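Notes for the structure review
Listed below, chain by chain, are the residues.
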Amino acid sequence: MVIHSYRHRYGLVEGDPRYQGPEDLIAAQPPVSVPTVVLESGADGVGGPSAAEDRDCFTGPYEHRLLPGVGHNVPQEVPAAFADAVAGLLTR
(Lines give C-alpha, C1' and ligand atoms only; values in the text may rest on other atoms or scores of the structure.)
Protein backbone atom coordinates (compact mmCIF):
# COMPACT_ATOMS: atom_id res chain seq x y z
CA MET A 1 0.00 0.00 0.00
CA VAL A 2 2.78 2.45 0.87
CA ILE A 3 4.59 1.84 -2.40
CA HIS A 4 1.37 2.35 -4.36
CA SER A 5 0.74 5.60 -2.46
CA TYR A 6 4.08 7.02 -3.55
CA ARG A 7 3.64 5.78 -7.11
CA HIS A 8 0.24 7.51 -7.25
CA ARG A 9 1.62 10.70 -5.68
CA TYR A 10 4.19 10.98 -8.45
CA GLY A 11 1.71 10.18 -11.23
CA LEU A 12 3.13 6.76 -12.04
CA VAL A 13 -0.08 4.76 -11.42
CA GLU A 14 -3.80 5.45 -11.31
CA GLY A 15 -5.45 6.01 -7.96
CA ASP A 16 -8.33 4.04 -6.49
CA PRO A 17 -11.43 4.98 -8.52
CA ARG A 18 -13.50 5.13 -5.31
CA TYR A 19 -11.69 8.37 -4.46
CA GLN A 20 -11.93 10.10 -7.84
CA GLY A 21 -14.83 12.31 -6.70
CA PRO A 22 -12.90 13.89 -3.80
CA GLU A 23 -9.77 14.14 -6.01
CA ASP A 24 -11.78 16.14 -8.58
CA LEU A 25 -13.14 18.47 -5.87
CA ILE A 26 -9.66 19.13 -4.52
CA ALA A 27 -8.26 19.76 -8.01
CA ALA A 28 -11.03 22.30 -8.71
CA GLN A 29 -10.10 24.52 -5.74
CA PRO A 30 -9.08 28.08 -6.61
CA PRO A 31 -5.46 29.21 -6.34
CA VAL A 32 -4.19 30.22 -2.88
CA SER A 33 -4.37 34.02 -2.65
CA VAL A 34 -3.00 34.64 0.85
CA PRO A 35 0.68 35.37 1.50
CA THR A 36 2.61 32.10 1.40
CA VAL A 37 6.09 30.88 2.33
CA VAL A 38 6.89 27.35 1.16
CA LEU A 39 9.67 25.64 3.11
CA GLU A 40 11.12 22.75 1.14
CA SER A 41 13.36 20.21 2.83
CA GLY A 42 16.60 19.75 0.94
CA ALA A 43 17.41 16.34 2.41
CA ASP A 44 14.14 14.66 3.36
CA GLY A 45 15.01 11.47 1.49
CA VAL A 46 11.69 11.28 -0.33
CA GLY A 47 12.68 12.94 -3.58
CA GLY A 48 10.18 13.72 -6.30
CA PRO A 49 9.09 17.03 -7.77
CA SER A 50 10.23 20.25 -6.15
CA ALA A 51 7.67 22.35 -4.32
CA ALA A 52 8.84 25.21 -6.55
CA GLU A 53 6.95 23.55 -9.40
CA ASP A 54 3.65 24.40 -7.64
CA ARG A 55 4.17 28.16 -7.98
CA ASP A 56 1.18 28.52 -10.31
CA CYS A 57 -1.12 27.40 -7.47
CA PHE A 58 -0.46 30.66 -5.61
CA THR A 59 -1.58 34.13 -6.72
CA GLY A 60 -0.74 36.13 -3.60
CA PRO A 61 2.68 37.09 -2.31
CA TYR A 62 4.84 33.97 -2.50
CA GLU A 63 8.28 32.87 -1.44
CA HIS A 64 9.91 29.46 -1.86
CA ARG A 65 12.78 28.61 0.50
CA LEU A 66 14.89 25.51 -0.09
CA LEU A 67 16.52 24.32 3.14
CA PRO A 68 19.69 22.37 2.25
CA GLY A 69 20.57 19.57 4.65
CA VAL A 70 17.17 19.67 6.38
CA GLY A 71 15.11 16.51 6.60
CA HIS A 72 11.39 15.82 6.77
CA ASN A 73 10.57 17.67 10.03
CA VAL A 74 11.39 21.32 9.36
CA PRO A 75 9.97 22.84 12.60
CA GLN A 76 11.97 20.43 14.75
CA GLU A 77 15.19 20.43 12.74
CA VAL A 78 15.47 24.17 12.05
CA PRO A 79 13.05 25.92 14.42
CA ALA A 80 14.58 29.35 13.79
CA ALA A 81 14.06 29.08 10.01
CA PHE A 82 10.49 27.89 10.58
CA ALA A 83 9.74 30.71 13.04
CA ASP A 84 11.29 33.26 10.67
CA ALA A 85 9.03 32.10 7.85
CA VAL A 86 5.91 32.33 10.03
CA ALA A 87 6.90 35.70 11.51
CA GLY A 88 7.59 37.05 8.02
CA LEU A 89 3.99 36.39 7.06
CA LEU A 90 2.78 38.70 9.84
CA THR A 91 4.25 41.74 8.11
CA ARG A 92 2.66 41.07 4.71
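Position labels on residues start from 1 in each chain and follow its written sequence. With pLDDT at 70 or above as the cut-off, local features in this predicted model cover only qualifying residues; side-chain atom pairs require 80 or more to be listed or tallied, and sums for whole chains, interfaces and linings still use all residues. Where side-chain values are given, they derive from all heavy atoms of the structure, hydrogens and water being excluded.

1. Here we look at the packing of aromatic side chains
For Phe, Tyr and Trp, where Trp contributes only its six-membered ring, two rings pair if their centres lie within 6.5 Å, and the inter-plane angle classes them as stacked under 30 degrees, edge-to-face over 60, or tilted in between. Inspection of every chain in the model, using the stated rule, returns 1 aromatic pair. Between Phe-58 and Tyr-62, the aromatic rings sit 5.1 Å apart at their centres with planes inclined by 40 degrees, giving tilted as the arrangement. Looking at Tyr-62, the relative accessible area reads 17%, which means it is buried. Geometry around Tyr-6 places Arg-9 over its ring, the cationic atom sitting 4.5 Å from the centre. Buried residues are those whose accessible area, probed at 1.4 Å on protein chains only, stays under 20% of the maximum for their type, while exposed residues exceed 50% and partly exposed ones sit between those limits. As a reminder, the over-ring test applies to NZ of lysine and CZ of arginine, requiring each to be within 6 Å of the ring centre and within 35 degrees of the ring normal.

2. Thoughts on the environment of Arg-65
Assignment of secondary structure puts Arg-65 in strand S2 (residues 62–67). Measuring from C-alpha to C-alpha, the distance between Arg-65 and Ala-51 comes to 9.4 Å, with 14 residues separating the pair along the chain. By definition in these notes, contact holds between two residues if any of their heavy atoms fall within 4.5 Å. Excluding its chain neighbours within four sequence positions, the residues that come into contact with Arg-65 are Val-37, Val-38, Leu-39, Glu-40, Ala-81, Asp-84 and Ala-85. Polar contacts, as used here, are pairs of N or O atoms within 3.5 Å; protein pairs need one atom able to donate a hydrogen and one able to accept it. Residues neighboring in sequence count only if both atoms are side-chain atoms. Within polar-contact distance, the side chain of Arg-65 engages the side chain of Asp-84 at 3.1 Å. Strands here mean DSSP runs of E at least two residues long; helices mean DSSP runs of H or I at least four residues long; both are numbered from the N terminus.

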